[in-house]
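Structural description and commentary
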Amino acid sequence: MFNNPQTLWIEILVVALVVVFLAFVIGRYIYRKAHHLPTGECECCHSHKSNLVKQYNKAYKKDK
């Protein structure tokens, strides 16, 4: 790594992109934890759960 001067800029670019990507992922996780938003496995099913409840209530309306 960093031996060939012709590919030096490509290697630096790849390292910089990896660092930016990891900083984004860690920053997003910290942001979601700080604002008490769901993270991990609960993140993907959280939005679907409320959508399923809305669909259920729409299909089976309560009689008043």
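Up top you'll find the structure we're talking about.
The sections below set out a description of the structure shown in this document. (Residues numbered from 1 in each chain as written. Predicted model: local features only at pLDDT ≥ 70, side-chain atom pairs only at ≥ 80, totals over all residues. Heavy atoms only, no water.)

1. Details of the overall build of the protein chain
In terms of regular secondary structure, the protein chain is built from 2 helices and 0 strands. Considering the protein chain as a whole, with its 64 residues, one finds that 3% of them fall into the buried category. Accessible surface for the protein chain amounts to roughly 6,300 Å². Of this, 67% is attributable to carbon and sulfur atoms. (Helix = DSSP H or I, 4+ residues; strand = E, 2+ residues; numbered from the N terminus. Buried < 20%, exposed > 50% of the residue type's maximum accessible area, 1.4 Å probe, protein only. Areas by Shrake-Rupley, 256 points an atom, 1.4 Å probe, with all protein chains shown as cover.)

2. What about the packing of aromatic side chains?
The final tally for this structure, using the stated rule, is 1 aromatic pair. Geometrically, the ring pair formed by Tyr56 and Tyr60 is tilted, given 5.0 Å between the ring centres and 45 degrees between the ring planes. (Phe/Tyr/Trp six-rings, centres within 6.5 Å; stacked < 30°, edge-to-face > 60°.)

3. As for helix α1 (residues 8–34)
Taking 1.5 Å per residue, 27 residues should reach 39 Å; α1 reaches 39 Å between its end C-alpha atoms and fits that length. Positive backbone phi, approximately 55 degrees, marks His36, located one or two places after α1. (Expected span 1.5 Å × (residues − 1).)

4. Some remarks on unusual backbone geometry
Despite not being glycine, His36 has its phi angle at roughly 55 degrees, a positive value. With respect to the secondary-structure elements, His36 resides in the loop between α1 and α2 (41–59).

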